[in-house]
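Observations on the model geometry
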Amino acid sequence: MKTAVVGGGAAGFFLAINLKEMMPDMQVTIFERSQHVLAKVEISGGGRCNCTNSFEEVTDLSQVYPRGHRLLKRLFNNFDYRDAYRWFEDHGVPLVTQDDQCVFPQAQDSHAIIDCFLSLARRYHIDIQKGCKVQSLEDVKGFDYVVVNTGGSPKGEGLRWLAALGHEIETPVPSLFTFAIHDKPLQSLMGVVTDVETMIPGTKLRANGPLLITHWGLSGPAILKLSSHAARYLAEKNYQAPLAVRWVSLTDQEITSLLYEQAASQPKKQLTTYNPFGLQQRLWAYLVEKALDARHQIRWTEMNKKDVNRLVNVLLNDTYQIAGRAPFKEEFVTCGGVSLKAVNPSTLESRHVPHLYFAGEVLDIDGITGGFNFQAAWTTAFTVACAIADNR
């Protein structure tokens, strides 16, 4: 029996290894279009590979999987994040869980994952064919099973041959990207990091977490998460949309009280010199100037009711205009792909072509930042390996 794995990414190697462990006599060939396998794994997580998440703070999978959460809830019954954690540790990759619940190799190096995969591939005699672009089933003729694991296809070219076979395709658009904001005073704060809530006014789209101010606009988990949930909405708007930032997690009454308390305790100091909200000084001074304009240099004792209202508004509902994605085209994930309607939800086998399966990002499954996309890769790959083993 022979299986062709089309795509040498994380899901492809994980699938091939598990398939060999389930069926030692199965001949498995990985077809990789580039000359460099596991390139995405190598650079993920800043070169450390955030390989999964503890899911400790997840109460519903829709929080972390804007697309595909219902299918993953089903598949997690067979292989979830706890199974992935055990799998890597059992295969010689000790893991650690950070305070933010992200899971990394203990070595803090993505090569711990890569070396594990390549070592196991050699041990199990998995054939790796590099520089092989598969564009039809004719290219893998002679294999008993074919698994497509080609990752995201931002422009859709890599999905055309699958569409020609009858598979419904959800239009691919970028996900997990940063926002360009053309605001020089804001950009001058590059390097500032603070916890916020971000949202797109007029929608229910929102996210929270650390926000990073950059020389082109805004980044960090609070932005990446929002871009994931809003991927299709922002694509429809051509990445031109309003953005609101809530800088503090207090009510307007609590903010008002703290402002008046500060005015009473430090009446002669300038408003910009100190803030009772724990914000970085540069950020606070920027927000005061944005709220009060020409009055930003007043002393606390000079603050009036209108000043308070403006400060409350900028702290709770500061608005910007998204002016496109970041200029570096750094998106790591694609929203869209082979529709989940086109596959059997228990096996991920094509409903149109027998013995053709899908795993990983080629499916219309994607998650927010934090190790969730790799977990989807492990779960879908393991599901397919089991399905092929059970089908022999």
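Residues numbered from 1 in each chain as written. Predicted model: local features only at pLDDT ≥ 70, side-chain atom pairs only at ≥ 80, totals over all residues. Heavy atoms only, no water.

Each helix and strand counted, the protein chain has 13 helices and 16 strands in total. Each principal axis of the C-alpha distribution contributes one length, and for the protein chain these read about 80 × 40 × 35 Å. For the protein chain, with 392 residues in total, the buried portion stands at 53%. As displayed, the protein chain has an accessible area near 17800 Å², and 48% of this comes from carbon and sulfur atoms. Charge centroids of the protein chain, computed over 39 positive and 41 negative side chains, lie 5 Å from each other. (Helix = DSSP H or I, 4+ residues; strand = E, 2+ residues; numbered from the N terminus. Buried < 20%, exposed > 50% of the residue type's maximum accessible area, 1.4 Å probe, protein only. Areas by Shrake-Rupley, 256 points an atom, 1.4 Å probe, with all protein chains shown as cover. Lys, Arg positive; Asp, Glu negative; His and termini not counted. Charge placed at Lys NZ, Arg CZ, Asp CG, Glu CD.)

On to the packing of aromatic side chains, then. The tally for this structure, following the rule as stated, stands at 23 aromatic pairs. Judged by centre distance (6.0 Å) and plane angle (50°), the rings of Phe177 and Phe179 are tilted. Here Phe177 and Phe179 have matching classes, each one buried. Taken together, the ring pairs connect Phe13, Phe14, Phe79, Trp87, Phe88, Phe117, Phe374, Trp378 and Phe382 into an aromatic cluster. Of note, Arg325 hangs over the ring of Tyr239, and the distance from its end group to the ring centre comes to 4.7 Å. (Phe/Tyr/Trp six-rings, centres within 6.5 Å; stacked < 30°, edge-to-face > 60°. Lys NZ or Arg CZ within 6 Å of the ring centre and 35° of its normal.)

We now examine the pairing of strand β15 (residues 333–338). Taking burial as the measure, the 6 residues of β15 include 6 buried ones, the bulk of the element. Sheet topology places strand β8 (residues 169–175) next to β15; 5 bridges connect them, and they run antiparallel. What sits directly across from Pro174, in β15, is Thr334. (Pairing = 2+ DSSP bridges.)

Time to look at the packing of helix α11 (residues 281–292) against helix α12 (residues 305–316). Look at α11 against α12: their axes get within 9 Å of each other, and the N-to-C directions meet at 125°. As the angle between them shows, α11 and α12 are arranged oblique. Relative to α12, α11 is oriented so that their crossing is right-handed. Of α12, the residues touching α11 (which contributes Trp284, Leu287, Val288, Lys290, Ala291 and Leu292) are Asp307, Arg310, Leu311, Val314 and Leu315. Looking at side-chain class alone, the contact of α11 with α12 contains 8 nonpolar, no polar and 3 charged residues. (Axes fitted to C-alpha atoms, helices over the stretch in contact; angles between N-to-C directions. Parallel < 35°, antiparallel > 145°, perpendicular 65-115°, else oblique. Left-handed = near helix turned anticlockwise from the far one by under 90°. Contact = heavy atoms within 4.5 Å. Nonpolar A, V, L, I, M, F, W, Y, C, P; charged D, E, K, R; others polar.)

Before going further, it helps to spend a moment on the environment of Ile126. By secondary structure assignment, the location of Ile126 is in the loop between α5 (111–123) and β6 (127–130). Here Ile126 is in contact with Ala16, Ile17, Lys20, Val28, Ile30 and Ala121, once residues within four sequence places are set aside.

Right, let's get into the side chain of Gln375. Counting through the fold element by element, Gln375 comes out in helix α13 (residues 372–391). What makes Gln375 buried here is its relative accessible area of 0%. Within the local environment of Gln375, its side chain forms a polar contact with the side chain of Thr52, the two groups lying 2.7 Å apart. Setting aside its immediate chain neighbours within four residues, Gln375 contacts Cys51, Thr52, Phe55, Tyr65, Phe76, Phe79, Asp80, Tyr81 and Ala84. (Polar contact = N/O pair within 3.5 Å; in protein donor to acceptor, adjacent residues only side chain to side chain.)

Another aspect to go through is the state of the cysteines. Throughout the structure, instances matching the rule amount to 0 disulfides. Cys116 carries a free sulfur, and the closest cysteine sulfur to it, the one in Cys51, is 10 Å from it. (Disulfide = S-S within 2.5 Å.)

Mapped onto the secondary structure, Gln101 falls in the loop between β4 (95–97) and β5 (102–105). The exposure class of Gln101 is buried, given its relative accessible area of 15%. Aside from chain neighbours lying at most four places away, what touches Gln101 is Asn53, Ser54, Glu56 and Glu57.

Taking strand neighbours across the sheet as the criterion, the 6 strands line up as β9-β12-β11-β10-β13-β14 in an open arrangement whose pairing is antiparallel. Each end of this open sheet is capped by a strand with a single partner; those strands are β9 (179–180) and β14 (318–323). Here strand β10 (residues 193–199) runs beside strand β11 (residues 206–213); their pairing, made up of 7 bridges, is antiparallel. The partner of Thr194 across the bridge, within β11, is Leu211. Sheet contacts for α11: β10, β11 and β14; angle to β14, the most-contacted strand, approximately 95°.

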